[in-house]
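# Summary of structural features
This is what each chain is made of:
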Amino acid sequence: QKEVEQNSGPLSVPEGAIASLNCTYSDRGSQSFFWYRQYSGKSPELIMSIYSNGDKEDGRFTAQLNKASQYVSLLIRDSQPSDSATYLCAVIRLTGGGNKLTFGTGTQLKVEL
Amino acid sequence: DAGITQSPRYKITETGRQVTLMCHQTWSHSYMFWYRQDLGHGLRLIYYSAAADITDKGEVPDGYVVSRSKTENFPLTLESATRSQTSVYFCASRGTSGALLNNEQFFGPGTRLTVL
């Protein structure tokens, strides 16, 4: 079982729709969760972080965390073609220390006109 | 320019050669990281450093060497390059201000390395 799992996609949504990206993690001790966006040929950039159960909203983005189910999601409202990218889920593990992030393999999102 | 830079951006080398990838950040961040990104594997941590002269292994350290004599630089050396080390390499950094859990890492632009 991978430590952080994401559906590789591609996930295709029409422009203006809500895109829902999901991520599960195996380590119950994980404390912090991050969503990075990566355009093709570019480096990852942080778009959302969440530490507590529930929802966190930032503009068109909402991160949702459910620690009991070991599940974190990212909702993108009013999806735009510019949102087309790969979205990486990342978590911090308590075990092993070192302040290290563990990444999922990413979900490719395509927003279609 | 402020930020995190990597050089070279593209590199082609041959099996057995030594290659050094450079990473430089201007934020005086304490933490620096090296990742490789491959299809099907995502980003995997190679080495990281908590401060100058403090380094530690990540998930896939074999075949790589790092050093950190200055806070702003974190070079990654492939001592004897192999074809399996063909990948895109990203350097990242993070400061220590704020809560420990606010692990906002900033990534460099990446180096695309091809080993023939």
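Residues numbered from 1 in each chain as written. Chains lettered and ligands numbered in written order. Predicted model: local features only at pLDDT ≥ 70, side-chain atom pairs only at ≥ 80, totals over all residues. Heavy atoms only, no water.

### Remarks on the state of the cysteines
Defined as follows: Only a pair of cysteine sulfur atoms within 2.5 Å qualifies as a disulfide here. Secondary structure is summarised from DSSP: a helix means a run of H or I of at least four residues, a strand means a run of E of at least two, and numbering begins at the N terminus for each. Using a 1.4 Å probe on the protein chains alone, a residue whose accessible area is under 20% of its type maximum counts as buried, one over 50% counts as exposed, and one in between counts as partly exposed.
Taken as a whole and assessed by the stated rule, the structure comprises two disulfides over all chains. Note on cysteine connectivity: Cys23 of chain A is disulfide-linked to Cys89 of chain A, with sulfurs 2.1 Å apart. Where Cys23 of chain A bonds to Cys89 of chain A through sulfur, the torsion about that S-S bond is close to -75 degrees, and the disulfide is left-handed. Remark: Cys89 of chain A occurs in strand 9 (residues 85–92) and Cys23 of chain A occurs in strand 3 (residues 19–25); sequence separation between them is 66 residues. Residue Cys23 of chain A is classed as buried on the basis of its relative accessible area of 0%. Across the disulfide, Cys23 of chain B is cross-linked to Cys91 of chain B (sulfur-sulfur distance 1.8 Å). Because the sign of the S-S torsion sets the handedness, a value of about -75 degrees for the bond joining Cys23 of chain B and Cys91 of chain B places this disulfide among the left-handed ones. Of this pair, Cys23 of chain B sits in strand 3 (residues 19–25) while Cys91 of chain B sits in strand 9 (residues 87–94), placing them 68 residues apart in sequence. Accessibility classification places Cys23 of chain B together with Cys91 of chain B in one group, the buried group.

### Here's the deal with the interface of chain B and chain A
Defined as follows: Contacts are residue-level and defined by heavy atoms, with any inter-residue pair within 4.5 Å sufficient. Take a side-chain nitrogen of Lys or Arg and a carboxyl oxygen of Asp or Glu: if they are within 4 Å of each other, that pair is a salt bridge. Pairs of N or O atoms within 3.5 Å make up the polar contacts considered here, provided that, within protein, one atom can donate a hydrogen while the other can accept it, and that residues adjacent in sequence are counted only when both atoms are side-chain atoms. Each residue is assigned to one of three groups, with Ala, Val, Leu, Ile, Met, Phe, Trp, Tyr, Cys and Pro labelled nonpolar, Asp, Glu, Lys and Arg labelled charged, and all others, Gly among them, labelled polar.
Contacts between the two partners involve 22 residues from chain B, matched on the other side by 20 residues from chain A. Summed over the shared surface of chain B and chain A, the number is zero salt bridges. Between chain B and chain A we count three residue pairs in polar contact (both at pLDDT 80 or more) in total. Among the elements of the structure, strand 4 (31–38), strand 5 (42–51) and strand 9 of chain B are those that each provide at least two residues to the side of chain B that touches chain A. Taken together, the residues of the side of chain B that touches chain A break down into eleven nonpolar, eight polar and three charged.

### Description of the pairing of strand 9 of chain A
Residue and element names in this part refer to chain A. Rules: Only when DSSP finds a minimum of two bridges between them are two strands counted as paired.
Extensive coverage of strand 9 is indicated by the burial of seven of its eight residues. Sheet topology places strand 4 (residues 32–38) next to strand 9; seven bridges connect them, and they run antiparallel. Pairing of Trp35 across the sheet is with Cys89, part of strand 9. In this structure, strand 9 lies alongside strand 11 (residues 107–112), joined through three bridges in antiparallel fashion. Residue Thr86 lies in a different strand from strand 11, and its bridge partner there is Gln108. Of the pairings in the sheet, the one linking strand 9 to strand 10 (residues 101–103) comprises three bridges and is antiparallel in character. By the bridge assignment for strand 10, Ile92 is matched with Leu101.

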